[in-house]
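Residues per chain, in single letters:
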Amino acid sequence: MKKFSGLHSYLTSHNIVQEKDVITPSLVEFPSLITVHSDRYANAVWTGELDRKEIRRMGLPWSKSLAVRSRLAVQGTINAGLMALQDGLSGNLAGGTHHSMPDHGEGFCVYNDVAVAIRVLQQSMWVNKVLVIDCDVHQGNGTAHIFEHDESVYTFSIHGQNNYPFKKPPSNLDIGLPDKTGDRDYQTALIDALDRIRIEFEPDLVFYLGGIDPLERDHFGRLSLTLSGLRERDRIVLETVKQWNKPITLLLSGGYAPTLNETVTAHAQMFEVAKEMGF
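The rules behind each value
- Residues numbered from 1 in each chain as written.
- Predicted model: local features only at pLDDT ≥ 70, side-chain atom pairs only at ≥ 80, totals over all residues.
- Heavy atoms only, no water.
- Buried < 20%, exposed > 50% of the residue type's maximum accessible area, 1.4 Å probe, protein only.
- Helix = DSSP H or I, 4+ residues; strand = E, 2+ residues; numbered from the N terminus.
- Pairing = 2+ DSSP bridges.
- Right-handed = clockwise from strand over helix to strand, strands pointing away.
- Axes fitted to C-alpha atoms, helices over the stretch in contact; angles between N-to-C directions.
- Parallel < 35°, antiparallel > 145°, perpendicular 65-115°, else oblique.
- Left-handed = near helix turned anticlockwise from the far one by under 90°.
- Contact = heavy atoms within 4.5 Å.
- Nonpolar A, V, L, I, M, F, W, Y, C, P; charged D, E, K, R; others polar.

1. Brief notes about the pairing of strand 5 (residues 205-209)
Judged by how many residues are buried, strand 5 sits mostly within the fold: 5 of 5 residues are covered. Burial of the side chains of strand 5 extends over both faces: Leu205, Phe207 and Leu209 are buried on one face and Val206 and Tyr208 on the other. With 5 bridges joining them, strand 2 (residues 130-134) and strand 5 adopt parallel strand pairing. Across the sheet, the residue bridging to valine 130 is leucine 205, located in strand 5.

Structure, rendered in structure tokens:
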């Protein structure tokens, strides 16, 4: 959990993000949450009425602070989506909780912030078509499931084929990579996928889940990207979306490097690359 405050400190102290540009979200309202989640589940997270099985499946012990943080993170992603539409690029220094399903959380994910943000922005008529580029090492099963029959949302996930989740609902485009995949093969697969997406779908907004768990030193990753290879991945995504002239929202998603410093440094690269590219 310390990576969130650590990343904020890193980005502001290194002048990658100005403190004046950091906006603190409010708690997301329940009408927004229930555009995706069941009324029962949305409220049970808040009131602490999840049963033992649900808590175990979520992977996190329930506390009021977890419930508060989860609602803040969802509103942060909604805000970031709106800001990207206005400014071209924005980010949430949290978010990317792509395993959460409509009626339960899983994989350290409580609410599905990306799905809620998309629904809220669509219902408010800010966007029609949205692309989710999910580069977390774990397939975005919750997001894939939620939008499986929705032609207005294109879900793309590039992930470790042999990693969690072991049941993977189909995204619009899934690329499952073998264990130990390195920089070159990963980047080639990513470029080919983005070329294909450009032919198939034209979004109004892109959400990018820049998980750092494809790193070789990640505790749960099983792929073999180097830190420089991860940076190139971020550059490829950002450069491609910039060439498309589409707004993009950056989200952290997963990352479990051996130390807090390594985790923060890896997450910061996505924002460093965006600044270097003049977004």
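2. Brief notes about the pairing of strand 3 (residues 153-160)
With respect to burial, strand 3 is a largely interior element, 8 of its 8 residues being buried. One ladder, built from 5 bridges, connects strand 2 with strand 3; its direction is parallel. Paired with valine 130 across the bridge in strand 3 is valine 153. Read as a crossover between parallel neighbours, the route from strand 2 over helix 7 (residues 141-146) to strand 3 is right-handed. In this structure, strand 3 lies alongside strand 4 (residues 173-177), joined through 5 bridges in parallel fashion. What sits directly across from phenylalanine 156, in strand 4, is leucine 173.

3. Some words on the packing of helix 5 (residues 64-87) against helix 6 (residues 113-123)
Across the interface, helix 5 lies against helix 6 with an axial gap of 9 Å and an inter-helix angle of 50°. Of the possible angle classes, the one that applies to helix 5 and helix 6 is oblique. The handedness of the crossing between helix 5 and helix 6 is right-handed. Where helix 5 approaches helix 6, its residues Ala73, Val74, Thr77, Ile78, Gly81 and Leu82 are matched on the opposing element by Asp113, Val114, Val116, Ala117, Val120 and Leu121. Tallied by class, the residues present in the contact of helix 5 with helix 6 amount to 9 nonpolar, 2 polar and 1 charged.

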